[in-house]
Amino acid sequence: MSDQNLAARTRSALEAGEGILRLAPTWVPRSFLMPGGRLKLSREDLYALGTHRGGIDERWFSSTTAAANEGAPPDEGMSYVVHEGEKFTLKDAIGHHGAESIGSKMWDKYKRWPVYSKFFDNLGPIPHHMHQSQKQAELLGLEGKPESYYFPPQLNWTGNNFPYTFFGLEPGTKKEDLRKCLERWNQGDNGILDLSKAYRLKPGTGWLVPPDVLHAPGSLVTYEPQWGSDVFGMYQSMVEGRRVPWELLVKDVPEQYHHDLDYLVEQLDWEKNVDPEFKNNNYLEPIVRTGGAQEGFFDKWIVYGTVDGQQLFSACELTVLPGRSATIKDPGAYGLIVTQGSGSIGKLDVDSPNFIRFGEITKDEVFVTHKRANEGVTFKNTGSEPFVSLRYFGPDSHSDLPRVGAHRKSG
């Protein structure tokens, strides 16, 4: 499709949806993990991309970021707009209508939608790992990756094998303790979890996870607004008896440091990893933003706070009660996924499906442009159960974003 034709098709989609774009599901496999089976994707399709690629355990939302998977096609992880039987990437759509789509400030600074979100869903835990900072990732021409978690109750009807997440390292852990774990990499379990602490995960809560902080996510389905990058380094040599290749530790490390244990140890932010107040500084509970029982809706902050003083991403959960509607104005563009019920978002009909076959186009995901979000979007519940959606925002979208810990005051 030519640039001129693509620009015209994007304009047509924007006009048809009045600034709201419908998106197709974006499925991503991980070769080193086992899918948890709670993303509504048919079990027949969990290995639709082949067992050599791994099971599909992630669904990405409003993504203009490619997944860093070995053997992946170049568009894996990228979201596609669907309009009148045609598909084109959200990245291209935003590229042709940047200021209108994501706002002039964000477009002028980044020239792209710099964030994305996803569900990840695993049968068991993920290896203890970190995501590189911007400074570290830039050594390879990549982006750093701070991230956040929210555990949507609608998808967590079971906790699967290990609904606990290890974060950081126990206060008092020394760098030589971690170095010894790396030295034992090929001797079985390197024992890194002995140096960490696990927290029980609770549906309806979340966490903020800065870069360079170790974390071994547990087996709850997790909604994960994050920076638009797929860098990571695995520091755990075995998980649930399965080997973790050394290559997954150093995949986003300059080649000259692939076997430099001191460099790998120093990659971590030691102050944050051994923080004795880690939970107080990173744990999130929902905070009501607007609405109430009388108004017929509740709009709640679910991801908020800053990372090293920067507002990089945020997210809200909107619940509209049966027979009611809510008009929500937001200061920035957002990606949205419906997690329960049915209704309309603007003029688009939406619903949360119970069963999805690989390749099917669902009606549960949209991208709302900056211009339309500013004007206001009406959410109408046309079903008999609550109509629930999650929406995430890009950097510096809000002037009233709560601080981490604010739920303690609001409660």
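Details of the structure are given in the entry above.
Residues numbered from 1 in each chain as written. Predicted model: local features only at pLDDT ≥ 70, side-chain atom pairs only at ≥ 80, totals over all residues. Heavy atoms only, no water.

### Quick word on the overall build of the protein chain
A tally of helices and strands in the protein chain yields twelve helices and 28 strands. For 411 residues, the compact-globule formula gives about 22 Å, and the C-alpha radius of gyration of the protein chain, at 21 Å, lands near that figure. Dimensions of the protein chain along its principal axes, counting C-alpha atoms only, are 60 × 50 × 45 Å. Taken over 411 residues, the protein chain has a buried fraction of 59%. (Helix = DSSP H or I, 4+ residues; strand = E, 2+ residues; numbered from the N terminus. Rg over C-alpha atoms; globule rule 2.2 N^0.38 Å. Buried < 20%, exposed > 50% of the residue type's maximum accessible area, 1.4 Å probe, protein only.)

### Focus on the pairing of strand β26 (residues 365-368)
Successive residues of a regular strand alternate their side chains across the two faces of the sheet. The two faces of β26 match: Glu365 and Phe367 on one face and Val366 and Val368 on the other face are all buried. Summarising the sheet, strand β1 (residues 20-22) and β26 pair through three bridges and their orientation is antiparallel. Bridge assignment links Leu21 to a residue of β26, and that residue is Phe367. (Pairing = 2+ DSSP bridges.)

### Observations concerning the pattern of salt bridges
Counted under the stated rule, the structure contains 28 salt bridges. Here Arg357 makes a salt bridge to Asp45, at a shortest N to O gap of 2.7 Å. One end of the pair, Arg357, is in the loop between β25 (348-351) and β26; the other, Asp45, is in the loop between β2 (26-30) and β3 (55-61), with 312 residues separating them in the sequence. The partly exposed category is assigned to Arg357, whose relative accessible area is 30%. In this structure, the salt-bridge partner of Lys371 is Glu375, at a minimum N-O distance of 2.9 Å. Placement of the pair is Lys371 and Glu375 together in helix α11 (residues 370-375), with a separation of four residues, close to one helical turn. For Glu375, a relative accessible area of 46% gives the class partly exposed. (Salt bridge = Lys/Arg side-chain N within 4 Å of Asp/Glu carboxyl O.)

### Points about the packing of aromatic side chains
Under the criterion given, the structure shown has 22 aromatic pairs. Centre to centre, the rings of Trp113 and Tyr392 are 5.9 Å apart; their planes meet at 50°, and the pair counts as tilted. Taken together, the residues span a long stretch of sequence, with Trp113 in the loop between α4 (104-110) and β6 (115-120) and Tyr392 in strand β28 (residues 387-393) at a distance of 279 residues. Judged by relative accessible area, Trp113 falls into the buried class, the value being 0%. Centroid distance Phe162 to Tyr164: 5.1 Å. Interplanar angle 55°. Geometry classified as tilted. (Phe/Tyr/Trp six-rings, centres within 6.5 Å; stacked < 30°, edge-to-face > 60°.)

### A few points about the side chain of Glu224
For Glu224, the position within the fold is in the loop between β13 (222-223) and β14 (226-227). In this structure, Glu224 is in contact with Tyr116, Ser117, Lys118, Phe120, Glu147, Ser148 and Tyr149, ignoring residues within four places of it in sequence. (Contact = heavy atoms within 4.5 Å.)

### A short note on unusual backbone geometry
Not every positive phi belongs to a glycine, and Lys40 is a case in point at roughly 75°. Relative to the assigned elements, Lys40 resides in the loop between β2 and β3. Given a relative accessible area of 22%, Lys40 falls into the partly exposed group. Phi at Lys111 is positive, roughly 60°, even though this residue is not glycine. Assignment of secondary structure puts Lys111 in the loop between α4 and β6.

### Structural notes on the pairing of strand β5 (residues 86-89)
Relative to β5, strand β4 (residues 80-83) is paired through four bridges, and the arrangement is antiparallel. Residue pairing across strands places Val82 opposite Lys87, the latter belonging to β5. Between β4 and the antiparallel strand that follows it, β5, lie two residues; Glu84 among them carries a positive phi value of about 50°.

### Topic: the nonpolar core
Formed by 44 residues in total, the largest nonpolar core has its most connected members in Val81, Trp113, Phe119, Tyr223, Phe367 and Tyr392. Residue assignment for this core shows that the elements contributing at least two residues are α1 (3-16), β2, β3, α2 (90-96), α4, β6, β20 (297-303) and β28. Of all hydrophobic cores here, the second largest spans 40 residues; its members include Phe32, Val209, Leu268 and Trp270. (Core = buried A, V, L, I, M, F, W, Y, C linked by side-chain atoms within 4.5 Å.)

### Examining the sheet that holds strand β23 (residues 334-340)
The strand order β1-β26-β23-β28-β21-β20-β19 describes an open sheet built from seven strands, whose pairing is antiparallel. Edge positions in the open sheet fall to β1 and β19 (287-292), since each of these has one partner strand only. Across this sheet, the average inter-strand angle for adjacent strands is 20°, counted without regard to direction. When β23 meets β28, the two strands line up antiparallel, connected through six bridges. When the bridges of β28 are listed, Leu336 appears paired with Arg391. (Axes fitted to C-alpha atoms, helices over the stretch in contact; angles between N-to-C directions.)

### With respect to the environment of Gly292
You can see Gly292 is positioned in strand β19. Classification of Gly292 by relative accessible area gives buried; the value is 10%. With 72 residues separating them in the primary sequence, Gly292 and Leu220 have C-alpha atoms 28 Å apart. Other than its neighbours up to four places away in sequence, Gly292 contacts Phe297 and Phe298.

### Details of the sheet that holds β25
Pairing is antiparallel in the open sheet, where four strands are placed in the order β22-β27-β24-β25. Each edge of the sheet is formed by a strand with only one pairing partner; in this case those strands are β22 (325-328) and β25. Between one strand axis and the next, the sheet turns through 20° on average, direction left out of account. As defined by bridge partners, β22 adjoins strand β27 (residues 377-381) across four bridges and the pair is classed as antiparallel. Bridge pairing in β27 places Ser325 opposite Lys380.

### A closer look at the environment of Cys316
Position of Cys316 among the secondary structure elements: in strand β21 (residues 314-320). In this structure, the C-alpha to C-alpha distance between Cys316 and Arg391, residues 75 residues apart in sequence, is 5.5 Å. Non-local contacts of Cys316, meaning those with residues more than four positions away in its chain, are made with Arg289, Asp299, Lys300, Trp301, Ile302, Ser389, Leu390, Arg391 and Phe393.

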